[in-house]
Amino acid sequence: MLGNQGDSAKRKSLHGHWSSRMAFILAVTGSAVGLGNIWKFPYIAGQNGGGAFVLVYLVCVAIIGMPVMMSEILIGRRGRRNPVATMALLGQEEGGSEKWRWVGGMGVAAGVLILSYYSVIAGWTLAYTVKSATGAFAGASAESVSQQFNNFVGDWRLIGLCHTAFMGLSIFVVARGVERGLEQAVRFMVPALLLLLLLLLGYSMTSGFFQQGLAFMFTPDFDRLTWNSVLAALGQAFFTLSIGMGAIMAYGAYLPEETSITGSSAAVVVADTAIAMLAGLAIFPLVFANNLNPGDGPGLVFDTLPLAFGQMAGGVFFSTVFFVLLSFAAWTSAIGLMEPAVAWIVERFHHTRAQAAVMIGLLIWLLGVGSVLSFNVLSDFRFLAGTIFDNVDYLTSNIMLPLGGLLIVVFAGWVMCRNSTSDELGTSGLWFSAWRVMARFIAPIGILLVLVNAVR
Ligand code: PHE
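Procedures and definitions
- Residues numbered from 1 in each chain as written.
- Predicted model: local features only at pLDDT ≥ 70, side-chain atom pairs only at ≥ 80, totals over all residues.
- Heavy atoms only, no water.
- Helix = DSSP H or I, 4+ residues; strand = E, 2+ residues; numbered from the N terminus.
- Expected span 1.5 Å × (residues − 1).
- Buried < 20%, exposed > 50% of the residue type's maximum accessible area, 1.4 Å probe, protein only.
- Contact = heavy atoms within 4.5 Å.
- Polar contact = N/O pair within 3.5 Å; in protein donor to acceptor, adjacent residues only side chain to side chain.
- Near = heavy atom within 4 Å.
- Areas by Shrake-Rupley, 256 points an atom, 1.4 Å probe, with all protein chains shown as cover.
- Nonpolar A, V, L, I, M, F, W, Y, C, P; charged D, E, K, R; others polar.

Undergrad: Honestly, helix 10 (residues 227-241) in this entry has me stumped. Any pointers?
TA: An α-helical turn contains 3.6 residues, so a residue and the one three or four places further along point in the same direction. The first and last C-alpha atoms of helix 10 sit 21 Å apart over 15 residues, in line with the 21 Å expected at 1.5 Å per residue. The buried fraction of helix 10 is high, at 13 of 15 residues. Two residues or fewer past helix 10, S242 is found with a positive phi of approximately 60°.

In structure tokens form, the structure reads like this:
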């Protein structure tokens, strides 16, 4: 049997291991960098008034995101199974209760729910690749670009088709397993995305509105900050880092013994945050230059970036490349969203990876239809947080991920014994103490404070 009590060093993952430390960092970065950085961060920041939100988000990333990410990786590596089984096993080993499996279960559910709408938006980026390549935005005015967007999302058949195509792509890679293809894709995608963002940033700087964009992002106006926007910032920190739902735990399960968890986490957190900041800096000046509203919602990048590319020399080319890269970024994130569910089905019900990927993929596709219709046929069907799309987003980002993250740090900080964690983190020195204080006190108190105040 795998995993005798306390014998974690001998445990092996059923799904294989990353070939190197770099492979792991690339995979986690691929999961972290996605629509969350480029599509979601700017519009959520816009809806929540900019500066103060961005500041809270950065604080959440540093003092909550970092310890949660480290906890997830160390739990994953120690358990070496899917998040449900890992939490059950370690719960048993360290704390005498298998009930911790529910934390893994909530993660599996969160991944499925998130991907159901994520895939819809990723489908938009696929379509925007084609639109860019065919010159739909060349020299277009702000009105024309936003008109094109409205017509596009208004057509449920078309965006349903794009959602279907993206889910097909996701099922395909997940079915093939953790390593093949993925590493290569991320290796070139993240640097290329960074380059194009720098190009856009250069363009934004010449728009004449860079100052406004900068001020909007970095001048905090605390009067506009409500507990709800603090919760949105916390939720965004979880979402963008892919934490709180077991994706990183599942990836940690494939991590070789000797890799440094602290170093890898820091690298991913810095890269992910840098990309979100760049996206914001590129987008907000364009918003102001074109008299658009930063609080406009999910269409924000689709209204601003094509416009910028449309006015640039070589715009058709750059715009196409940009949307291809964004589709790739979404793709590598989708894999992370599916992995906990797929690994669970494979281990629990002994299906093949391919069968599990198809089953989970179909379920996600079906759930996604609700989000497809939220932008057209059912756009007036609103309850609680808004449309179906709004509700799935709110429930997952603002409730499930922070709650999952809370339980994960509490488990790593309070339930697991000191030795198991220092063993995994490979140190008992300063870094370990810092992690432990954050995991035991700062992160849980922070998350609770925000959740309680916002949901009350
Ligand atoms: N972090 C991804 C993004 O920013 C989304 C994601 C969340 C991926 C959770 C995997 C797990 O787009």
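Undergrad: Where do I start with the environment of T273 in this structure?
TA: In this fold, T273 is placed in helix 12 (residues 261-289). Residues T273 and A62, spaced 211 residues apart in sequence, show a C-alpha to C-alpha distance of 9.9 Å. Residue contacts for T273: discarding those within four places in its chain leaves Y57, L58 and V61. Among the polar contacts made by the side chain of T273, one reaches the main-chain carbonyl oxygen of V269 at a distance of 2.7 Å.

Undergrad: Please clarify how the site of the ligand should be interpreted in this entry.
TA: Around the ligand, the surrounding shell holds 14 residues, and the nearest of these are A32, G36, Y118, F239 and S242. In this structure, L35 approaches the ligand through a main-chain N or O atom, which is 3.1 Å from an oxygen atom. Starting from 330 Å² of accessible surface for the ligand in isolation, the protein chains cover 100%. Those elements giving two or more residues to the shell around the ligand turn out to be helix 1 (21-32), helix 2 (35-47), helix 10 and helix 14 (315-349). No other element matches the 3 residues that helix 2 contributes to the shell around the ligand. Of the residues belonging to the shell around the ligand, the class tally is 7 nonpolar, 7 polar and no charged.

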